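Observations on the model geometry
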Amino acid sequence: MIKGIIFDLDGTLADSQLDFDAMRREMQLPEGMPILESLAQFEPRRAAVCLQILHRHELAGAERATLLPGALELVRSLRSRELHLAIATRNSRQIAAATLQKLGLTFDLVLTRDDGP
């Protein structure tokens with residue numbers, strides 16, 4: 001018996017229109033390089049600068065986020081079945097909260113990159 005469902009946020013429920021290539025260019029990362037994994041390898045000063053860039057892009061994405069077609073109906077349908085709903089995202093807690101607030105969605109649990117890798 002299914003008791004709960006875990007969703008990703010961006011690209012699953014929400015479209016934040018994040019431009020990862022623009023982020024990489026601004027951070028001076030090679031095309032296609034994983035951003036979070038790269039930041040973990042940087043010396044602290046460069047990592048801090050890149051995290052600021054990432055935060056700025058993610059915040060803009062949270063502000064312009066829209067629900068993907070059918071997402072709201074799906075969440076409502078699952079809630080009506082009294083299922084536990086959670087989010088597991090690589091966004092920060094602050095960005096995930098801002099995105100969910102913008103979209104008018106609530107979840108029983110939200111796990112972010114702030115909770116661990």
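Structural data are supplied above this passage.
Okay, so let's go over this structure. What you are looking at is a predicted structure, and each value in this text was computed from that prediction instead of being measured.

Helix and strand counts for the chain come out as five helices and five strands. Mapped from its N terminus to its C terminus, the chain presents α and β elements in the order β-β-α-α-α-β-α-β-α-β. With the C-alpha coordinates aligned to their principal axes, the bounding extent of the chain is approximately 45 × 25 × 20 Å. Per-residue burial over the chain gives 37% buried out of 117 residues. Once the 14 positive and 16 negative side-chain charges of the chain are each reduced to a mean point, those two points are 2 Å apart.

Two orientations exist for strands paired in a sheet by backbone hydrogen bonds: parallel and antiparallel. Spatial strand order, β1-β4-β5: three strands in an open sheet with parallel pairing. The sheet is open, and its two borders are formed by β1 (4-7) and β5 (109-111), each paired with just one other strand. Averaged over all neighbouring strand pairs, the angle between strand axes comes to 20°, with direction disregarded. Summarising the sheet, β1 and strand β4 (residues 84-88) pair through four bridges and their orientation is parallel. Paired with Ile6 across the strands is Ala86, a residue of β4.

Following the criterion strictly, the structure yields six salt bridges and no others. Between Arg90 and Glu37 there is a salt bridge, with the nearest N and O atoms lying 3.1 Å from each other. Linking Arg90 in the loop between β4 and α5 (93-103) with Glu37 in helix α2 (residues 35-41), this pair joins segments that are 53 residues apart in sequence. Under the relative-accessibility criterion, Glu37 is labelled partly exposed at 40%. A salt bridge links Arg113 to Glu58; its shortest N-O distance comes to 2.8 Å. Taken together, the positions of Arg113 in the segment after β5 and Glu58 in helix α3 (residues 44-64) put the pair 55 residues apart, joining distant regions of the chain.

It is worth spelling out unusual backbone geometry at this point. Positive phi, close to 50°, is recorded for Gln17, a residue that is not glycine. The residue Gln17 is located in the loop between β2 (14-15) and α1 (20-27) in this model. A residue is classified by how much of its surface remains accessible, and Gln17, at 46% relative accessible area, is partly exposed. Phi at Gln28 is positive, roughly 60°, even though this residue is not glycine. Within the element layout of this structure, Gln28 appears in the loop between α1 and α2.

Each value, and the rule that gives it
Residues numbered from 1 in each chain as written. Predicted model: local features only at pLDDT ≥ 70, side-chain atom pairs only at ≥ 80, totals over all residues. Heavy atoms only, no water. Helix = DSSP H or I, 4+ residues; strand = E, 2+ residues; numbered from the N terminus. Buried < 20%, exposed > 50% of the residue type's maximum accessible area, 1.4 Å probe, protein only. Lys, Arg positive; Asp, Glu negative; His and termini not counted. Charge placed at Lys NZ, Arg CZ, Asp CG, Glu CD. Pairing = 2+ DSSP bridges. Axes fitted to C-alpha atoms, helices over the stretch in contact; angles between N-to-C directions. Salt bridge = Lys/Arg side-chain N within 4 Å of Asp/Glu carboxyl O.

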